[in-house]
Each structure stands twice: as structure tokens, then as C-alpha cells.
Amino acid sequence: MTPRAGDRARYDRATAHLDAPVAIVDLEAFDANAADLVRRAGGKPIRVASKSVRCRALLERALAREGFAGIMSFTLDESLWLARAGFEDVLLAYPSADRAGYGELARDPKLAAAVTVMVDDVAQLDLIDAARAGGTEEVRVCLELDTALSLLGGRIRIGARRSPLREPAELAELARSVVRRPGFRLVGIMAYEGHVAGVGDAVAGRPLRSRAVRLMQSAARRELAERRAAVVRAVRAVAPDLEFVNGGGTGSVQHTAAEDAVTEIAAGSGFFVPRLFDHYTSFSGRPAALFAQPVVRRPGVGVVTVLGGGYPASGVAGPDRLPVPYLPEGLRYDPQEGAGEVQTPLLGSPADDLRIGDKVWFRHAKAGELCERFESLHLVEGDRITATVPTYRGEGRTFL
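If you look the protein up in an unreviewed UniProt entry, it shows as Amino acid deaminase/aldolase from Streptomyces bikiniensis.

Next comes the structure, spelled out in C-alpha cells:
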């Protein structure tokens, strides 16, 4: 029996009493992935990216381990909810226009002490001030640096379009605006290099593309390390009491941790290891989060149909954004239908061994987005479910 076949047998036994669709997290794999993140961080604390987990119980499990500290959230509403639930260090990774949320933040000492908001424009400070509604609590602020690699005088850009702040002088100027402004305290800098941390550099069957990605990422790491250090020096000259400089992501943990200017690393997808993180030379994780769909039809030889399963992930639309049939090994989509909203035909010789009601296990393309489809995650240890915990959706929380 292959290791994957062994996993399938364990998951089928653990969930034999449950009807699919069903989602699980293999805790042995989850914990092994967490340990590998800590190893790669080389002693620097890891801030857990909540958008890649979207389950409070698993956020708590991660933070209970040595080497992890703090949450990186994705909306202000989520940040306040987590802070009310007892999470004491929540960094909002994206600017917000949630006026009601800012009003609540500015009125509540506990929330104001726990939550740090992201800004890259004075207009965002204006919005926060206008939303205070009489609240006088000091708002903790983090500045975001644009990490994109710029080539040929800016004619080529590689990296996400996030912050407009790129040069040390630009961040220092905004830092002065924050420091001069009553009601705000500058506590951090964030720089997420998604073109390094979130792009695989060992794409199966595409050696030339993989080499090009590695060359790009090597150049990007060198350029960003130099620029990030200069930015930190410039901002610390304005605000010497900065608490943190956050960088990285699952795919670049060890590289970012090696920079003296960075004090903490962000990671989230590395816990679940979805299919988009299969193609890296820098690390190899274990798939920890899976979902199963039931076989509901057998249309012919070498084909079965499962219920639903068409759960595309965000980003540029393409085959890599679809879930992948994982167990049993050897199943593939019908190219004429793909992954369907209510039914999904699957082709391959393993289909002939599947019966009506059997489970087919899938891996989602991106980590936390799976939790938007399921109200609970069944936590598997060995061949048993040892707990069932709600996702954000299961707690009635859909933040985006």
C-alpha cells in the first residue's frame, strides 16, 4: 500500500459514519507542517495568517506552539471579533474602510490595545479620524511597503499591486504624518513579498518556467532585502520605538528570516499545504486539509460522478485554481466539464473500483478558502476523528 493509499484508508475509516461532503484536517500533518515553519524561521516568531486557516480552534492550536506569536487578520470586522475572543495581538494586513469598526476600535481600550491597523495613505488616517464617533483610544498603525520587483525603469513590474509606498523617503514621510497626528501610534512595518512567498519555483513538467521563476525570485530577494533594510532605517529614524517589522510568507520563510531588518515572519498556508504549495524547492509540506465528495453516479466504464466539488480559488482563473482529485490516486477531471457546481465527472481506472456512496478526497487550491464551503472541520488523528470544530462560516462569520 502506498502512503497515499494508506492515508485514504485512514480517512475513510475515520469518516465512515459521516456522509459527504465533509472536510477534515489531519492533525499529524498540521503539526508537522507547523514544526517545519518554525524550523525554517530560525528563531524568529511567526505571525499566523488567519485568512489561510479561518478556524479559531486551529488558530489557537498554532499559537499554543512555541515559535508562533500573533495573528495576521484580513478584515477589521474579523480583527475585532478575534480580539473580543481573547486574541491579544492582531495585525490587520489590509487597509479598511469599515467606519463602524473604526468607531468601535476607538471606543474600546481592550480592542485598541490588541488590534493594529494597516495604512499606506494619509487619506486612510482621515477616514479613521472621521469614524471615531467620539472615541479617544489611540489607534495602533502599521505601514505597508510595496515589495514588487521593478525592472527596466519601472516598465516591468513583478509582484502584487498593494501599497503605493516603495522608497524609504515615502515611508518616512507617512511615518512623520502618523507620529505628528494625535490619536495614532506607529508600531510596525509590513512587507509581503507574494511573488516570492506565493509562487512555486518547481512547476512539474515546465523546467524552463521553473528556472525563470527561480532567477526572478533570487533577484527579487536581493533587491527587497536591501530596500527593506533602508526603509526600516528611515522609519526608525522617525519612530525609534517600532515594535515589529513583518515580512515573508509560507514560501519564503527561511529567506526572509535571514534578513536582520525583519523581526517576525508571516505564514498561514503552510499549515494546510494546499495544492498551490506543492511546487517549491525551498520546502516540502504534507497535505493536511482535505474535503470529500460522494460518488452519486457511475455513467460508464472508467468514470464516476461526484456531488458538487466545483470550489474554485481566488486569483487569475485557470486550472491551477481548481481543487484536485487526490484520493484514490489516478482520477482526473473530464476536460469537457471540469469541476462542477452540482456534479463533477471524474475519469480514470480507479473509478471502476468506486461504488455509489464512496468518498473521493480532494485538495483545495488555496488554504483557508476551503473553510468558506464548510461549517465544520473534523480533526483526524490516526484513523479517528478526535474533535469537530467550527470554521468561521460555522460560527456565522463570513467576513468577505
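Undergrad: Honestly, the pairing of strand S11 (residues 264–267) in this entry has me stumped. Any pointers?
TA: Alternating positions in S11 separate into two faces, Glu264 and Ala266 on one and Ile265 and Ala267 on the other, with burial throughout. Bridging between strand S10 (residues 244–247) and S11 involves two bridges; their strand directions are parallel. Note that in S11 the partner of Asn246 across the bridge is Glu264.

Undergrad: What should I look at first to understand the packing of aromatic side chains in this one?
TA: Given two aromatic rings, one states the distance between the centres and the angle between the planes to describe the pair. Enumeration over the complete set of coordinates arrives at 15 aromatic pairs. Among the aromatic residues, those joined into a ring-pair cluster are Phe30, Phe68, Phe271 and Phe272. Positioned above the aromatic ring of Phe283, the side-chain terminus of Arg40 is 4.2 Å from the ring centre. Here Arg47 stacks its cationic end above the ring of Phe244, 5.2 Å away from the centre of that ring.

Undergrad: For this particular structure, what's the right way to read helix H2 (residues 27–41)?
TA: The end-to-end C-alpha distance of H2 is 21 Å, a good match for the 21 Å that 15 residues give at a rise of 1.5 Å each. Three or more residues of H2 are buried, namely Leu27, Ala29, Phe30, Asp31, Asn33, Ala34, Asp36, Leu37, Arg40 and Ala41. Residue Gly42 follows H2 closely and has a positive phi angle near 60 degrees.

Undergrad: Looking at this model, I keep getting lost on the packing of helix H8 (residues 168–180) against helix H10 (residues 207–238). Mind explaining?
TA: Helix packing for two helices is described by the angle between their axes and how far apart those axes are. Relative orientation of the contacting elements H8 and H10 amounts to 25 degrees, with a least axis distance of 8 Å. Compared by their axis directions, H8 and H10 come out roughly parallel. Relative to H10, the crossing made by H8 is right-handed. Where H8 approaches H10, its residues Pro168, Leu171, Ala172, Ala175, Arg176 and Val179 are matched on the opposing element by Ala230, Val231, Ala234, Val235 and Val238. Across the contact of H8 with H10, the residue classes break down as 10 nonpolar, no polar and one charged.

Undergrad: I keep staring at the sheet that holds strand S2 (residues 46–49) and nothing clicks. Help me out?
TA: As a general point, the strands of a sheet are linked pairwise by backbone hydrogen bonds and lie either parallel or antiparallel. Taken together, eight strands build a closed barrel; the order of strands is S2-S3-S4-S5-S6-S9-S10-S11 and the barrel is parallel. Here the strands of the sheet are splayed against their neighbours by 30 degrees on average, with no regard to which way each runs. Here helix H3 (residues 56–63) sits on the sheet in contact with S2 and strand S3 (68–73), set at roughly 145 degrees to S3.

Reading the values: the criteria
- Residues numbered from 1 in each chain as written.
- Predicted model: local features only at pLDDT ≥ 70, side-chain atom pairs only at ≥ 80, totals over all residues.
- Heavy atoms only, no water.
- Buried < 20%, exposed > 50% of the residue type's maximum accessible area, 1.4 Å probe, protein only.
- Helix = DSSP H or I, 4+ residues; strand = E, 2+ residues; numbered from the N terminus.
- Pairing = 2+ DSSP bridges.
- Phe/Tyr/Trp six-rings, centres within 6.5 Å; stacked < 30°, edge-to-face > 60°.
- Lys NZ or Arg CZ within 6 Å of the ring centre and 35° of its normal.
- Expected span 1.5 Å × (residues − 1).
- Axes fitted to C-alpha atoms, helices over the stretch in contact; angles between N-to-C directions.
- Parallel < 35°, antiparallel > 145°, perpendicular 65-115°, else oblique.
- Left-handed = near helix turned anticlockwise from the far one by under 90°.
- Contact = heavy atoms within 4.5 Å.
- Nonpolar A, V, L, I, M, F, W, Y, C, P; charged D, E, K, R; others polar.

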